[in-house]
Amino acid sequence: MKGVGGEFGGGWVVRISIIAGARPNFMKVAPIMHAIRRWNESVSGNGVLSPMLVHTGQHYDVMMSEVFFRELGIPEPDINLEVGSGSHAKQTAAVMARFEDVCLEHRPDWVVVVGDVNSTNACTLVAAKLGIRVAHVEAGLRSFDRTMPEEINRVVTDALADLLLTPSPDADANLLREGVPNARIHRVGNIMIDTLVANLDKARSCRTYERFGVEPGRYVYVTLHRPSNVDQPDILRGILTDLMDLSQSFPVIFPMHPRTRKNMETFGIRVNTGGHFQVVDPIGYHDSLCLAENARFVLTDSGGLQEETTYFRTPCLTLRPNTERPVTVTEGSNRLTSPATLWADIKDLLQKPRRFGRVPDLWDGRTAERVLNALMHHG
Ligand code: UD1
C-alpha cells in the first residue's frame, strides 16, 4: 500500500473519519478504533492509519452516550458536532452542515459510517458530495419497510457508499438486487459481536440480575423504543398493560429509553412499577449484555439485542412486523411478534428450551480486522 493519504515520516498515512452518533453506533465504532490502534502498533514505520473520531451528538445523555465510551475504552471523540435532538430533517441537516465544515478542514481519505441512524445517512451524503470515499459497516440490511426511518437511512447510505461491508449473505443479496457492483461488496461479519466477545468476561462479572433481585433464567428483559411501538398512545398503553400482566408470572426488567419515557409522560400513561415490574433508567452495555445472556427470554424492538440474543442463543421476541436481520430468525433464537399475538407467542416460546439456534458465520469477534483489510484493499 502506498501513498493513499500522503507521505508521513517516510511512510504513508491514511486519514479515516469514523462517525458515531447514537447509542448502537458506539458498540460498532469501538472495535474499529481498537483495530486501528493495533494496526498502527504492528506496522511499525511503514505507515499509519490516522483516525479522527467524530461524535455527532445525536445522543448526548450520559447513559445514552458517555457510559459506552467509558465501558468500551473508546477514546474521547476528536470532534463533537453537538447536534442534539430534533425532527428528522432538522437533525439530519444539522449533522450535514457541521460535518461539511469538518470534511473541508480535515479532508479525510475515508469516512467510515456504521449502522442506520440519522447521523450515518447525513455524513454519507456530505462525504459523497465532496468526493470523499465512504465505507458503510453493516451495509445491505433491509426490512423492506419504508415506514421505518432507519430503512430510508440504509437505502440512501448504501446507494452512495463506495465500500459496502456486510454482515451476512442476505445483505449481499439485497445489494446485488439493487444493482450494486459485486466489487464494492465485502462480507466482513457482524461488528456488534466483536464488542460482545471482547466484553463477555466483564459483562458476566456484573451479575446484574442480582441487583434487580432476580435469578438467571427466571426473568424477562424488555427494551422498547421504536416509533411504531411507542409513539401512539393506544399501542404503547396496550403493550405496557401486557407487560404488567406478564410480570404476575415472570419478573420483568424494563430499562426505559428516553423516547418511551417522554411519550408515557406526554400521553399521561402510568404503570404500577415496583415488585415484579421494574421500570428503570437506561442501563450500560455490560449490564445489558449480562441481562440478555441470563434472561428466560428478551422482548425487544432493538436491532442490537436481536443479534446479541442470537449469539447467546437466548430466546428473543421482537415486537415488530419485520426485521432487517433475518439470520437472527432463520438461524438464531429470534422470533417476530405483534401486540395482538404477544401472549400466544410468549406461551409458545416458554415451551422451547432455555437456549436454541446457532451462531451465524463470521460472528466471531474479528470483523473489525476484516473492515480494515477491506479498506486497505480498496485504498
Ligand atoms: C435513534 C435511532 C434508532 C436507534 C436508537 C437507539 C434514528 C432515526 N433513530 O432513535 O435507529 O435504534 O437511536 O437508541 O437515527 N433523547 C434523550 N437523550 C438522548 C437522546 C435522545 O432524552 O441522549 C430523547 C429526545 O427526547 C429525543 C428522543 O429521545 O427527541 C429520540 O431520540 P432520537 O435520536 O431522535 O431517536 P431514537 O428514538 O433515540
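Scroll up for the structure.
Calculation criteria
Residues numbered from 1 in each chain as written. Predicted model: local features only at pLDDT ≥ 70, side-chain atom pairs only at ≥ 80, totals over all residues. Heavy atoms only, no water. Pairing = 2+ DSSP bridges. Helix = DSSP H or I, 4+ residues; strand = E, 2+ residues; numbered from the N terminus. Axes fitted to C-alpha atoms, helices over the stretch in contact; angles between N-to-C directions. Contact = heavy atoms within 4.5 Å. Phe/Tyr/Trp six-rings, centres within 6.5 Å; stacked < 30°, edge-to-face > 60°. Buried < 20%, exposed > 50% of the residue type's maximum accessible area, 1.4 Å probe, protein only. Lys NZ or Arg CZ within 6 Å of the ring centre and 35° of its normal. 1 Å grid on protein atoms, 1.4 Å probe; cavity = no way out; pocket = protein on both sides within 12 Å on 5 of 7 lines; lining within 4 Å. Points joined across faces, edges and corners; volume = space filled by probe spheres on them. Nonpolar A, V, L, I, M, F, W, Y, C, P; charged D, E, K, R; others polar. Near = heavy atom within 4 Å. Polar contact = N/O pair within 3.5 Å; in protein donor to acceptor, adjacent residues only side chain to side chain. Areas by Shrake-Rupley, 256 points an atom, 1.4 Å probe, with all protein chains shown as cover. Sits in = over half its atoms within 2 Å of the grid points.

Visitor: Describe in detail the sheet that holds strand β10 (residues 252–255), supporting the description with residues and values.
Guide: Backbone-to-backbone hydrogen bonds pair the strands of a sheet. The strands run either parallel or antiparallel. Read from one edge to the other, the open sheet built from 6 strands follows the order β11-β10-β9-β12-β13-β14, with strand pairing classed as parallel. The open sheet has two edge strands with one neighbour each: β11 (277–280) and β14 (334–337). Mean inter-strand twist for the sheet, computed between neighbouring axes without regard to direction, equals 20°. Two elements, strand β13 (residues 316–319) and β14, share 4 bridges in a ladder whose sense is parallel. Each residue of the ladder has a partner; that of C316, found in β14, is N334. In the packing of helix α10 (residues 233–246) onto the sheet, the strands contacted are β9 (220–223), β10, β11, β12 (297–300) and β13, and the crossing angle to β10 comes to about 145°. Here helix α13 (residues 303–312) sits on the sheet in contact with β9, β12, β13 and β14, set at roughly 165° to β13.

Visitor: Provide a residue-level description of unusual backbone geometry, including the pertinent values.
Guide: With a phi angle near 50°, E82 is a residue other than glycine that sits in the positive phi range. Within the fold, E82 resides in the loop between β4 (79–80) and α3 (88–106). With a phi close to 45°, R107 is a non-glycine residue in the positive phi region. Counting through the fold element by element, R107 comes out in the loop between α3 and β5 (110–114).

Visitor: I'd like a description of the packing of aromatic side chains, backed by residues and values.
Guide: Summed over the entire model, instances satisfying the criterion amount to 3 aromatic pairs. Between F26 and F68, the aromatic rings sit 6.1 Å apart at their centres with planes inclined by 25°, giving stacked as the arrangement. Taken together, the positions of F26 in helix α1 (residues 23–43) and F68 in helix α2 (residues 66–72) put the pair 42 residues apart, joining distant regions of the chain. For the pair formed by F26 and F68, the shared burial category is buried. Each ring, one from Y311 and one from F312, has its centre 6.1 Å from the other, and the planes form 80°; the classification is edge-to-face. Judged by its relative accessible area of 23%, Y311 falls in the partly exposed class. One aromatic cluster is present, built from ring pairs that chain together F26, F68 and F69. Taking the ring centre of W110 as reference, the NZ or CZ of R133 above it sits at 4.7 Å. A cation over a ring is seen here: R218 above F250, with NZ or CZ 5.1 Å from the ring centre.

Visitor: Go over the pairing of β11 with me, naming the residues and quoting the values.
Guide: Regular strands place side chains that alternate from one sheet face to the opposite one. Sheet topology places β10 next to β11; 4 bridges connect them, and they run parallel. Bridge pairing links V252 to F277 in β11.

Visitor: I'd like to hear about the layout of surface pockets, residue by residue, with values.
Guide: Looking at the largest pocket, its volume works out to about 1,200 Å³. Residue lining of the largest pocket: 49 residues in total, with R23, H59, M64, H225 and H257 positioned closest to the centre. Elements that contribute at least two residues to the lining of the largest pocket include exactly α1, α3, α5 (149–160), β9, β10, α11 (258–267), α12 (285–294) and α13. For the lining of the largest pocket, the residue count by class is 20 nonpolar, 18 polar and 11 charged.

Visitor: Before we move on, could you go through the pairing of strand β2 (residues 11–20) and cite the residues and values that matter?
Guide: Of all the 10 residues making up β2, 9 are buried; the element is thus mostly covered by neighbouring parts of the structure. Relative to strand β3 (residues 47–55), β2 runs parallel, the two being bridged by 9 bridges. Within the sheet, the bridge partner assigned to A20 lies in β3 and is H55. For β2 and β5, the ladder comprises 3 bridges, and the chain directions are parallel. Each bridged residue has a counterpart across the sheet, and for I18 the counterpart in β5 is V112.

Visitor: Lay out the site of the ligand in plain terms, naming residues and giving numbers.
Guide: Q58, H59, E150, H225 and R259 are the nearest of the 20 residues found near the ligand. Contacts to the ligand include H257, whose side-chain N or O atom sits 3.0 Å from an oxygen atom. Between the ligand and R259 there is a distance of 2.7 Å, counted from an oxygen atom to a side-chain nitrogen or oxygen. When the ligand is considered free in solution it has 740 Å² of accessible area, and contact with the protein chains removes 90% of it. Judged by the fraction of its atoms near the pocket grid, the ligand is located in the largest pocket. Within the residue set of the shell around the ligand, elements represented by two or more residues are α1, α5 and α11. Of all the elements, α11 adds the most residues to the shell around the ligand, at 3 residues. Residues belonging to the shell around the ligand are distributed by class as follows: 7 nonpolar, 7 polar and 6 charged.

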